[in-house]
Amino acid sequence: MSNSVRTYAPRPVTTHARPEPDPRWWVLPLAGTALAPVLAVVVTRADHLFAGRPFLLAGCLVLAYALIAPSWFLPRTADRRRRRGDLVLAGCACAAGFPSLITALGWVVFFVMLCTGNVSG
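Residues numbered from 1 in each chain as written. Predicted model: local features only at pLDDT ≥ 70, side-chain atom pairs only at ≥ 80, totals over all residues. Heavy atoms only, no water.

Draft legend 1. How the structure looks around the environment of Asn118. Mapped onto the fold, Asn118 is located in the segment after α3 (81-115). On the accessibility criterion, Asn118 (56% relative accessible area) is exposed. The spatial distance from the C-alpha of Asn118 to the C-alpha of Pro19 is 60 Å, given a sequence separation of 99 residues. (Helix = DSSP H or I, 4+ residues; strand = E, 2+ residues; numbered from the N terminus. Buried < 20%, exposed > 50% of the residue type's maximum accessible area, 1.4 Å probe, protein only.)

So, in structure tokens, the structure goes:
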């Protein structure tokens, strides 16, 4: 047995503050939704890929909207603004870079197959 007396301090009351709502939460998702198809069309037209390979435009839009769509459904608070911006930026970057990436990948595969003798020219 010990003679120590333990006194328990009351726990501090924590109030869970509600996150601050963001009144303009819709600006970034709307900008990305409108900008992604414009970027995709401009890039495919600039590389003359729209007429020959329309799947590149479809791939741009599907990938871009797959990244932008979750930004519409994130909580509408100020602390999620950066996450919404990151998703929109990634979607627009995919819309602008997807045709060039797929074209470069196709050329690499072609040259590898040509060098290994799998393509007869």
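Structure shown, so let's carry the discussion forward.
Draft legend 2. Local environment of the packing of helix α1 (residues 27-46) against helix α2 (residues 54-73). At their nearest, the axes of α1 and α2 sit 10 Å apart, and the two run at 170° to each other. Considered as vectors, α1 and α2 are oriented roughly antiparallel to each other. The way α1 lies across α2 gives a crossing that is right-handed. Of the residues in α2, those touching α1 at Pro29, Leu30, Gly32, Thr33, Ala36, Pro37, Ala40, Val41 and Thr44 are Leu57, Cys60, Leu61, Ala64, Tyr65, Ile68, Ser71 and Trp72. (Axes fitted to C-alpha atoms, helices over the stretch in contact; angles between N-to-C directions. Parallel < 35°, antiparallel > 145°, perpendicular 65-115°, else oblique. Left-handed = near helix turned anticlockwise from the far one by under 90°. Contact = heavy atoms within 4.5 Å.)

Draft legend 3. Structural context of the nonpolar core. Core analysis: the largest hydrophobic core is formed by 10 residues, namely Ala36, Ala40, Leu49, Leu56, Leu57, Cys60, Ala64, Ile68, Ala95 and Phe98. Mapped by element, the contributors of at least two residues to this core are α1, α2 and α3. It is α2 that contributes the most residues to this core, five residues altogether. (Core = buried A, V, L, I, M, F, W, Y, C linked by side-chain atoms within 4.5 Å.)

Draft legend 4. Molecular detail of the packing of aromatic side chains. Under the definition given, this model contains four aromatic pairs. Judged by centre distance (5.9 Å) and plane angle (85°), the rings of Trp25 and Trp72 are edge-to-face. With Trp25 in the segment before α1 and Trp72 in helix α2, this pair connects stretches of sequence that are 47 residues apart. A relative accessible area of 17% means that Trp25 is categorised as buried. Taking relative accessible area as the criterion, Trp72 reaches 26% and is therefore assigned partly exposed. Following the ring pairs from residue to residue traces out a cluster consisting of Trp107, Phe110 and Phe111. (Phe/Tyr/Trp six-rings, centres within 6.5 Å; stacked < 30°, edge-to-face > 60°.)

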